[in-house]
Amino acid sequence: SKGSRTASAEVELVVEEGEVLNMEISIVKQSATRLSLRGSGSTEGYKWDMAGVGLVAAGTAASPTWSNEELVSTGWGGESFGLQVMDAVESGALRPGETYTVSLSPVTSSGAKGGSSFSFTVGLPPSGGTCALSLSSGSAMQTDFEIKCSTWSSDALPLSYSYGIAPADTEVSWTPNSFKSTGSFRLQAGDYNAS
């Protein structure tokens, strides 16, 4: 016989006097590129914040990345919260594959407390695929150059594709996003790079 085994744990709880507001977060839109949330529960005001891997002072002026209106178009103090997820990834503010938590608390003159939070994971970029050109040479404005992509996978479906073509040593011009895994070009005479 091994005898009786016991374990114990102790947790300190602090209960304060005062009003507690029932704060709630509703999802307006959640996609790979945009997160839109709406808060409720406060009659006076709201304060949003974010926590997660690599974040420094989200929601405050201490972080110049997060004060960029292009990332958080709604600001950090209104009823709504809008985050441009892919722009935040491209700026280095968020990391693919990591989970982040957006929190909401009330701003009140009475000092009432309350809060709610919402967690989301930033999708990893597509991987495992290839893209290939059907031809490497042809006649100006007559040959259809086709680029075909296959075997790409991602946790964010459906995939969209954008193809780029540019004369050598110039900036690539990208097609609008499409769900088609193939694209075709007719080109003027010259040397080009396809992406």
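Basis of the calculations
- Residues numbered from 1 in each chain as written.
- Predicted model: local features only at pLDDT ≥ 70, side-chain atom pairs only at ≥ 80, totals over all residues.
- Heavy atoms only, no water.
- Pairing = 2+ DSSP bridges.
- Helix = DSSP H or I, 4+ residues; strand = E, 2+ residues; numbered from the N terminus.
- Axes fitted to C-alpha atoms, helices over the stretch in contact; angles between N-to-C directions.
- Salt bridge = Lys/Arg side-chain N within 4 Å of Asp/Glu carboxyl O.
- Buried < 20%, exposed > 50% of the residue type's maximum accessible area, 1.4 Å probe, protein only.
- Phe/Tyr/Trp six-rings, centres within 6.5 Å; stacked < 30°, edge-to-face > 60°.
- Patch = residues over 30% accessible without salt bridge, like charges linked within 9 Å, V, L, I, M, F, W, Y side chains within 5 Å.
- Areas by Shrake-Rupley, 256 points an atom, 1.4 Å probe, with all protein chains shown as cover.
- Polar contact = N/O pair within 3.5 Å; in protein donor to acceptor, adjacent residues only side chain to side chain.
- Contact = heavy atoms within 4.5 Å.
- Core = buried A, V, L, I, M, F, W, Y, C linked by side-chain atoms within 4.5 Å.

Trainee: How should I be thinking about the sheet that holds strand S3 (residues 34-40) in this particular structure?
Mentor: The strands making up a sheet are joined through hydrogen bonds of the backbone, oriented either antiparallel or parallel. Read from one edge of the open sheet, three strands run S2-S3-S5, paired in antiparallel fashion. The sheet terminates laterally at strand S2 (24-30) and strand S5 (80-84), the two strands that pair on one side only. Mean inter-strand twist for the sheet, computed between neighbouring axes without regard to direction, equals 20°.

Trainee: What is the right way to read the pattern of salt bridges from this model?
Mentor: Charged atoms that come close allow side chains of opposite charge to pair. Summed over the entire model, instances satisfying the criterion amount to one salt bridge. Ionic pairing is found between arginine 186 and aspartate 144, a salt bridge with its closest N-O pair at 2.7 Å. Highlighted residues: arginine 186 in the loop between strand S13 (182-185) and strand S14 (192-194) and aspartate 144 in the loop between strand S9 (130-133) and strand S10 (145-150), separated in sequence by 42 residues. On the basis of relative accessible area, arginine 186 is assigned to the partly exposed category, the value being 48%. Note on aspartate 144: relative accessible area 42%, which makes it partly exposed.

Trainee: I'm lost on the packing of aromatic side chains in this one. Help?
Mentor: Aromatic ring pairs are reported here in terms of the distance separating the ring centres and the angle at which the planes meet. Applying the stated criterion across every chain yields a total of four aromatic pairs. The interplanar angle of 35° and the centroid separation of 6.1 Å between the aromatic rings of tyrosine 100 and phenylalanine 120 together place this pair among those described as tilted. Of the two residues, tyrosine 100 is situated in strand S6 (residues 99-106) and phenylalanine 120 in strand S8 (residues 116-121); the sequence distance between them amounts to 20 residues. Neither residue differs from the other here; tyrosine 100 and phenylalanine 120 are each classed as buried. These aromatic residues form a ring-pair network of at least three members: Trp48, Trp76 and Phe81.

Trainee: Help me understand the sheet that holds S9, please; the structure alone is not making it clear to me.
Mentor: Taking strand neighbours across the sheet as the criterion, the three strands line up as S9-S10-S13 in an open arrangement whose pairing is antiparallel. Each having just a single partner strand, S9 and S13 make up the two edges of the open sheet. Strand-to-strand twist across the sheet, computed as the mean angle between neighbouring axes with direction ignored, equals 15°. Where S10 lies against S13, four bridges are found, and the strand directions are antiparallel. For phenylalanine 145, the partnering residue across the bridge sits in S13 and is phenylalanine 185.

Trainee: For this particular structure, what's the right way to read a nonpolar patch on the surface?
Mentor: Residues Val11, Leu13 and Val15 make up a contiguous nonpolar surface patch of about 390 Å² in total accessible area. One can find leucine 13 in the segment before strand S1 (20-21).

Trainee: When you look at the side chain of threonine 143 in this model, what are you seeing that I'm missing?
Mentor: Tracing the backbone through its elements, the reader meets threonine 143 in the loop between S9 and S10. Here serine 139 takes part through its backbone nitrogen, which lies 2.7 Å from a polar atom of the side chain of threonine 143. Residues contacting threonine 143, with those up to four places away along its chain left out, are Leu135, Gly138, Phe185 and Arg186.

Trainee: Even after reading the chapter, I still don't get the environment of lysine 180, so can you show me in this structure?
Mentor: Residue position: lysine 180 is located in the loop between strand S12 (173-174) and S13. In this structure the C-alpha to C-alpha distance between lysine 180 and cysteine 149, which are 31 residues apart in sequence, comes to 9.1 Å. The contacts of lysine 180, once residues within four sequence positions are left out, are Tyr161 and Tyr163.

Trainee: How should the nonpolar core be read in this particular structure?
Mentor: Here is a general trend for soluble globular proteins: nonpolar side chains tend to be buried in one another's company. Residues Trp48, Met50, Phe81, Leu83, Leu94 and Phe120 are the most contacted members of the largest nonpolar core, which totals 26 residues. Of all the secondary-structure elements, those providing two or more residues to this core are S3, strand S4 (46-52), S5, helix H1 (85-90), S6 and S8. By size, the runner-up hydrophobic cluster in this structure holds nine residues, among which are Ile147, Tyr161, Ile165 and Leu187.

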